[in-house]
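Each chain, letter by letter, is given below.
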Amino acid sequence: MIRSTSALLTVACAALFMAPASAQLLMYEPFDYADGPLSFNGGALGTAGAWTATDGSIDWWNHPGGSTTGQVWDVGLDGINDGVDDRRNIFDGTYTNVAYSGGFAGAAAPGDRGLDEWLDQGTGNADANIGLDPSVTATFQSGTTTWMSWVTARAWDRNEGTPQVMLANTASSGGSRGASLNGGDGIGAGGGPSRFNLQDIYPQYFEFGVNNSVPGGYQNDANVANMGIFGGHNGEQIGFYAGGRQTATGELDEVGQPRTQTMPSARLDANGDFGDYNVVVVKIEWDADTNGEDIVSAVAFTSTDAVTEAAFDAYIAATPLLSSKNWQGFSGMLLDPITQQMVQFDYDANKPNLDQSTFNILNVQSLKFYIDEIRIAQDFSSVIGNFVPPFLLGDTNDDGTVDTLDIDPFVLLLTDPAGYAAAFPGVDPLAVGDINMDTVVDTLDIDPFVALLTAGSLNGGAVPEPGSIIMLGLAGVAGLTLVRRRK
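An account of the accompanying structure is given in this report.

Analysis parameters
Residues numbered from 1 in each chain as written. Predicted model: local features only at pLDDT ≥ 70, side-chain atom pairs only at ≥ 80, totals over all residues. Heavy atoms only, no water. Patch = residues over 30% accessible without salt bridge, like charges linked within 9 Å, V, L, I, M, F, W, Y side chains within 5 Å. Areas by Shrake-Rupley, 256 points an atom, 1.4 Å probe, with all protein chains shown as cover. Salt bridge = Lys/Arg side-chain N within 4 Å of Asp/Glu carboxyl O. Helix = DSSP H or I, 4+ residues; strand = E, 2+ residues; numbered from the N terminus. Core = buried A, V, L, I, M, F, W, Y, C linked by side-chain atoms within 4.5 Å. Buried < 20%, exposed > 50% of the residue type's maximum accessible area, 1.4 Å probe, protein only. Axes fitted to C-alpha atoms, helices over the stretch in contact; angles between N-to-C directions. Parallel < 35°, antiparallel > 145°, perpendicular 65-115°, else oblique. Contact = heavy atoms within 4.5 Å. Nonpolar A, V, L, I, M, F, W, Y, C, P; charged D, E, K, R; others polar. Phe/Tyr/Trp six-rings, centres within 6.5 Å; stacked < 30°, edge-to-face > 60°. Pairing = 2+ DSSP bridges.

This paragraph deals with a nonpolar patch on the surface. Together, Met333, Leu335 and Met342 line one region of the surface with nonpolar side chains, adding up to about 280 Å² of accessible area. Residue placement: Leu335 occurs in strand β18 (residues 330-335).

With that out of the way, let us pick up the nonpolar core. Trp60, Leu167 and Leu362 are the most contacted members of the largest nonpolar core, which totals 67 residues. In terms of nonpolar packing, the next biggest core, distinct from the first, is built from 20 residues, Val402, Val427, Ala431 and Val441 among them.

In this section: the pattern of salt bridges. Considering all chains together, one arrives at 6 salt bridges under this definition. Measuring nitrogen to oxygen at the nearest pair gives 3.2 Å for the salt bridge that ties Arg267 to Glu160. Here Glu160 lies in the loop between β7 (145-154) and β8 (164-168) and Arg267 lies in the loop between β15 (263-264) and β16 (277-285), a separation of 107 residues in the sequence. Where salt bridges share partners, they join Arg154, Glu160 and Arg267 into one cluster.

Another aspect to go through is the packing of helix α6 (residues 407-415) against helix α9 (residues 446-454). Running from amino to carboxyl end, α6 crosses α9 at an angle of 170°, the nearest separation of the two axes being 12 Å. When the interaxial angle is binned, α6 and α9 end up roughly antiparallel. Between α6 and α9, the residues in contact are Ile407, Phe410 and Leu414 and Ile446, Phe449 and Leu453, respectively. Tallied by class, residues from the contact of α6 with α9 come to 6 nonpolar, no polar and no charged.

For Gln356, the location among the structural elements is in the loop between β19 (342-347) and β20 (361-366). The exposure class of Gln356 is buried, given its relative accessible area of 7%. Excluding anything up to four places from it in sequence, Gln356 contacts Thr137, Phe140, Gln141, Ser142, Trp286, Asp287 and Asp294.

Here Thr139 lies in the loop between α3 (134-137) and β7. Apart from the residues lying within four places of it in its own chain, the contact partners of Thr139 are Leu26, Thr144 and Gln378.

A separate point is the packing of aromatic side chains. Here the structure, examined in full by the defined rule, presents 17 aromatic pairs. Relative to Tyr370, the ring of Phe104 lies with its centre 5.3 Å away and its plane at 75°, an arrangement referred to as edge-to-face. With Phe104 in strand β5 (residues 104-106) and Tyr370 in strand β21 (residues 369-377), this pair connects stretches of sequence that are 266 residues apart. Owing to a relative accessible area of 0%, Phe104 belongs among the buried residues under this scheme.

Okay, the pairing of strand β9 (residues 186-190) next. Buried residues dominate β9, accounting for 5 of its 5 residues. Going residue by residue along β9, you find Gly186, Gly188 and Gly190 tucked away on one face and Ile187 and Ala189 tucked away on the opposite face as well. Relative to β9, β8 is paired through 4 bridges, and the arrangement is antiparallel. Bridge pairing links Ala168 to Gly186 in β9. Judged from the 5 bridges that link them, β9 and strand β10 (residues 200-207) form a sheet pairing that is antiparallel. The partner of Gly186 across the bridge, within β10, is Phe206.

Keep in mind these values describe shape, not function.
Here you go:
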């Protein structure tokens, strides 16, 4: 169910006539280009020049929104999936929790390259960049906040990756897989390196071309067998892959334990279909940390999450190392699990301290993925496209479900509309409370509301006890202020 027409008109008018709000969106790339190679396309808000993109020996592909690419997953593994619809990547550039338009970009499907659909010869060494308009870079000022967001999905189930997106001053070279920025600086988030973090999402930055992230993962080198020593890594990612897990520098989360430093990217949806998506939101606070370092924080929302600033803050609170503000150094002895010897480690908090005035490029790199809806803004609402989630009929407490927790707010709406508006600002009372849809919230909505609650215990909510229904009946005999639609 969608919001009422009046609410949609209000949002549309606000976007058209409230200049200060719209001015907060600095850059927006919806990939609204023709079906075909991405390179040489450009002109999006806040960009300069055109995209330069490589994926091995081929270009990235710009796909039309609302259509799947035809990519069959499990390709190359058996060759028996030709024509089997339920083995196709379901990603189509449409989303339920962030505003969208245009198409999406990333890996070319086999059909785009003239191959049979179950063949795929590319490794997916994807790199792309486009210039930022100087007016965007000019906003990266000390004491200010820059928000970034994008939508991403894995393109294939082999050589799959999560895009690493950077505000940068140098572009990556083809095949770097997130491990290099050609001697330049940048800040952002995404997946990789190392190889074993390619499908994860976490904050990171480049300084003099070296990738950096949260310290404290595995210290892996050729002299340490198996997993290495967890907690010994200084946060500098000096390699992508060098012949074995023991030499893949910097695996971040402890194997077999809950994640403390990264978030996983989506893969399969609730139906087991490949191609679910994430909405990645990054917050950069310039020169805001204790010693003047920048603070970079990143969250990967799922396709079923409510993408809100409160939820962003809650994710960071639950996993503090998703923000560089909470990174810490270490000096002490750690046990080598193989030799059973104690080893000394010393490193600082590895926080970014960069010259943001040089960041005039948007750089994207990883393996096989799709990316869409890239935004840079100065506030959270703008960076998700001022998305307004739909209200749910009967969900008077606006928590996304209809259950017995909605009874008291419903009674409040009936008896004190002004009090309800104060308690639930931004909620359209007609969209949630006009159960019989007669354009008025009044006592005639009580029975339909009770029916919503009792019909199969909607959304798992318990059936109201008789006392609750009696309370609703008492609300009906009280003097009620009617809530009517504005003409």
